[in-house]
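Residues per chain are reported as follows:
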Amino acid sequence: MKKLFLVWWFIMIIGTYVFAAGSAEGGGSNRGTFLSRGGYIILPEDIKIENYIAQNDYNYPLPHQDNLNVITAAGLKDENAYIQIGLKGKKTMFSELPPLNITFCIDRSGSMSEIMVWVKDCFYIFIDQLRDGDFISLVDMNTNAQVLIPSTHIKSQADRTVFKRTVDKIIANGGTDIYAGMLESYKENEKNYNHGYINRVVILTDGMHNFGEKINKDILDLARTYNKKGIDISTILLGINTATGLMVDVAIEGGGSSRFISDHDEMVKIFQTELDRMLVPAARDLKITLILPDGVLFKEAWGYKHYKEENTIHYYVPTLHNGDYETILAELSYNPLRLNNNLLGNLYLEYKDLNNNQKNLGPYSIEIENSVVPANQLIKDRRVREAEGFLTIARGLIDIAHKTIKINTLERDLQQYRNPSPQRDDIIQQITVALRQNIQIGKDLTHYLTTISDSLGGNKYEKELEILQNYDATFNDVYGMYENNSIQ
């Protein structure tokens, strides 16, 4: 007889998902895939639907002349209507960007010891890409923060070498006071602040704020304060134990971007090819207004903070980065008999360019071709169809997570009863029912995502399908142990 296998053993508390697309690629499928390979089931509060939706670029086209491109789409599925809003920032060559004023903050706490080599490699790639004329400063943090190299005007390769040698000497130890690291970095960046520069703090961390008197609210307030002063912040999150939730919120509130990096090769790729997406804005203070007509009711939205006033939904996006994208998806209910010309909504956008000039775009009329569609038919618009697939998988993973927590509770109860006993048999039956439900949910999700992928030409949802495949193996293994009575 094998010892009782607790499903709780393979549930791991993680921060949030990989950031979703543009600014939030730290809280979606990338990290979920990484964890599920080890048999971990993601907790419901750590599955951020908006990050699953936002991690795909949906082939949004670059703008031809403006700072950004606005892409709208709509679709129907069963009783729901969906509006998708895509934003694509203009792409400026790195050599043509305004001067950079960057403060690099390295987390050197003890929890970073195993990945400190990644941190150093990130910095080496970063410093080599800076141009002569850019400003850079270096801060590190553990239980306190200190300026290792004050803001320096890069003039030669020798200047870069000084930074590299300083980073070489960093040793990981102690706790993490993220507030102290951010504050010291902001203060150093402020010394060479220039409205015409790209002013930004970049933090490399595992996100574990565990020292000091400041709480998460203080950290987010600090990010908002300096964002209003014109200094943004980007967060680079490393390692399986990363507490992504706080640092993703820091990036959003601080007008920056966030990336979760699960392996060294991915890190190299991001820093070699996507540095400008992390650092350089294309537009700021984006205010989006979606006005719904009679017959259309708002249900829910994902992507960015929003609030509703009667039939109007307001969204705010702090920053759209160079060549980057953002996605907002709204779920609506509708009355086909009351739709006027199949109109689902009108969209307006205002933003500031890099010279702080106010720009206004719209209205964009968002319409559907037909107000009635057969049940269970795929959404006609390809972008909305793909986005709704990400919405469905995220909701499904949350459902699986809740059922797994129920299994956890039942397994703990199981230990209270002797073997054999009627009470024990009843609990085992409940556990196997929940396991079969999770297995079936996974199969249904796999079929649905595969159907959408095939309709879009294939090679879609690869990471999500791997999560489901890994879950299937995990749940079947546990189910087999109960069916074979190999527990005690």
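Note that the structure is a prediction, hence the values are computed from the model and not measured.

Rules used throughout
- Residues numbered from 1 in each chain as written.
- Predicted model: local features only at pLDDT ≥ 70, side-chain atom pairs only at ≥ 80, totals over all residues.
- Heavy atoms only, no water.
- Axes fitted to C-alpha atoms, helices over the stretch in contact; angles between N-to-C directions.
- Helix = DSSP H or I, 4+ residues; strand = E, 2+ residues; numbered from the N terminus.
- Parallel < 35°, antiparallel > 145°, perpendicular 65-115°, else oblique.
- Contact = heavy atoms within 4.5 Å.
- Nonpolar A, V, L, I, M, F, W, Y, C, P; charged D, E, K, R; others polar.
- Salt bridge = Lys/Arg side-chain N within 4 Å of Asp/Glu carboxyl O.
- Buried < 20%, exposed > 50% of the residue type's maximum accessible area, 1.4 Å probe, protein only.
- Expected span 1.5 Å × (residues − 1).
- Arc of directions from axis to C-beta.

**So, the packing of helix H3 (residues 116-129) against helix H4 (residues 157-168)**
Orientation of H3 relative to H4, taken along the N-to-C sense of each, is 170°, at an axis distance of 10 Å. One way to sum up the angle between H3 and H4 is to call them roughly antiparallel. On H4, the residues that touch Lys 120, Phe 123, Tyr 124, Ile 127 and Asp 128 of H3 are Gln 157, Arg 160, Phe 163, Lys 164, Val 167 and Asp 168. Class assignment of the residues belonging to the contact of H3 with H4 gives a composition of five nonpolar, one polar and five charged.

**A look at the pattern of salt bridges**
Think of it this way: side chains of opposite charge can pair up when their charged atoms draw near. Scanning the model with the defined rule gives 22 salt bridges in all. Of the charged contacts in the structure, one is a salt bridge between Arg 108 and Asp 140, with a shortest N-O distance of 2.8 Å. Of the two residues, Arg 108 sits in the loop between strand E6 (100-107) and H3 while Asp 140 sits in strand E7 (residues 135-141), which places them 32 residues apart along the sequence. What makes Arg 108 buried here is its relative accessible area of 14%. Here Glu 190 ties to Lys 229 by a salt bridge, and the two come within 3.6 Å at their closest N and O atoms. With Glu 190 in helix H5 (residues 178-190) and Lys 229 in the loop between helix H6 (216-228) and strand E10 (232-238), this pair connects stretches of sequence that are 39 residues apart.

**Considerations on helix H12 (residues 462-483)**
Its 22 residues place the ends of H12 31 Å apart at the C-alpha level, agreeing with the 32 Å of an ideal helix rising 1.5 Å per residue. Within H12, the full set of buried residues consists of Glu 464, Ile 467, Leu 468, Asn 470, Tyr 471, Thr 474, Phe 475, Val 478, Tyr 479, Met 481 and Tyr 482. Buried residues of H12, seen end-on, are gathered within an arc of 165° and therefore sit on one face of the element. Among the exposed residues of H12, those oriented more than 90 degrees off its buried face are Glu 462, Gln 469 and Asp 477.

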